[in-house]
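Inside the fold
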Amino acid sequence: MPSPRGRTARPEADCPVEVALAAVSGRWTTLVLRELMHAPQSFGTLRERLPEISPKVLSDRLHTLRERGLVAQERLPGFPVRTRYTLTPAGRALRPLLVELYRTGERLNELSAVAGQAAEAHDAVPHAVRHTVRTTG
């Protein structure tokens, strides 16, 4: 049952749903989070795991996730300087949300496919037949 903050008449910044959605918003954000759920990663490893993301976008996403308090950046000793990114406790708390978003997306895809098939079947029946069935049935 939602708390009073969850029963607003309009979107509020402190509404728990808005907070959760804002945490994972942005193109590539969920994929970066997914990769960091496995283990801390270097920038280079993230690039290898997400080959389609540009270095600029990855850098921007990591910066945003750090600002949101979801990712920590750690400089490792040695030369050359290396950086590792890891999820904070708040970032790790997103795991159930990401899992449910994935499951919900799968289900919506299935329902969309079924609805599309029903629409195609409906369109395949000639208009005269549909009209006859409606008026005589």
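Here, the structure is the one placed above.
Residues numbered from 1 in each chain as written. Predicted model: local features only at pLDDT ≥ 70, side-chain atom pairs only at ≥ 80, totals over all residues. Heavy atoms only, no water.

**Some thoughts on the overall build of the protein chain**
For the protein chain, the helix and strand inventory stands at 7 helices and 3 strands. Counted from the first residue to the last, the protein chain has its helices and strands arranged as α-α-β-α-α-β-β-α-α-α. A total of 137 residues make up the protein chain; the buried ones form 21% of that total. Summarising the internal contacts of the protein chain: among those between residues at least 6 apart in sequence, 45% fall at separations of at least 24. A total accessible area of about 9,700 Å² is found for the protein chain, and carbon and sulfur atoms account for 59% of it. (Helix = DSSP H or I, 4+ residues; strand = E, 2+ residues; numbered from the N terminus. Buried < 20%, exposed > 50% of the residue type's maximum accessible area, 1.4 Å probe, protein only. Contact = heavy atoms within 4.5 Å. Areas by Shrake-Rupley, 256 points an atom, 1.4 Å probe, with all protein chains shown as cover.)

**Quick word on the sheet that holds strand E2 (residues 71–76)**
If you walk across this open sheet you meet the 3 strands as E1-E3-E2, and the pairing is antiparallel. This sheet does not close on itself; its edge strands, each paired only once, are strand E1 (41–42) and E2. Pairing between E1 and strand E3 (residues 82–87): 2 bridges, direction antiparallel. Bridge pairing links serine 42 to arginine 84 in E3. Contacting E1, E2 and E3, helix H2 (residues 29–38) crosses the sheet at an angle of about 95° to E3. (Pairing = 2+ DSSP bridges. Axes fitted to C-alpha atoms, helices over the stretch in contact; angles between N-to-C directions.)

**Some points on the nonpolar core**
Core analysis: the biggest nonpolar cluster contains 19 residues, and Val32, Leu33, Leu36, Leu62 and Leu94 have the highest contact counts within it. Among the elements of the structure, H2, helix H4 (55–67) and E3 are those that each provide at least two residues to this core. The element contributing the most residues to this core is H2, with 4 residues. Those residues in contact with leucine 33, other than ones at most four positions away along the chain, are Val24, Leu65, Leu87, Leu94 and Leu98. (Core = buried A, V, L, I, M, F, W, Y, C linked by side-chain atoms within 4.5 Å.)

**A short note on the pairing of E3**
Alternating positions in E3 separate cleanly, Thr83, Tyr85 and Leu87 being buried on one face and Arg82, Arg84 and Thr86 remaining unburied on the opposite face. Here E2 folds back onto E3 in antiparallel fashion, the turn holding 5 residues, of which glycine 78 has a positive phi close to 115°.

**Brief notes about the side chain of threonine 29**
Mapped onto the fold, threonine 29 is located in helix H2. Overall, the relative accessible area of 2% leaves threonine 29 in the buried class. When near neighbours in sequence (up to four residues on either side) are disregarded, threonine 29 contacts Ala23, Val24, Arg61, Leu65 and Arg68.

**Brief notes about the environment of leucine 97**
Within the fold, leucine 97 resides in helix H6 (residues 95–124). In this structure, the C-alpha to C-alpha distance between leucine 97 and leucine 21, residues 76 residues apart in sequence, is 9.2 Å. Residues in contact with leucine 97, not counting those within four places in the same chain, are Ala20 and Val24.

**Quick look at H4**
The terminal C-alpha atoms of H4, which comprises 13 residues, lie 18 Å apart, in line with the 18 Å expected from a rise of 1.5 Å per residue. Buried residues along H4 sit in contact with helix H1 (16–23), H2, helix H3 (43–49), E2 and E3. Glycine 69 lies just past H4 and shows a positive phi near 80°. (Expected span 1.5 Å × (residues − 1).)

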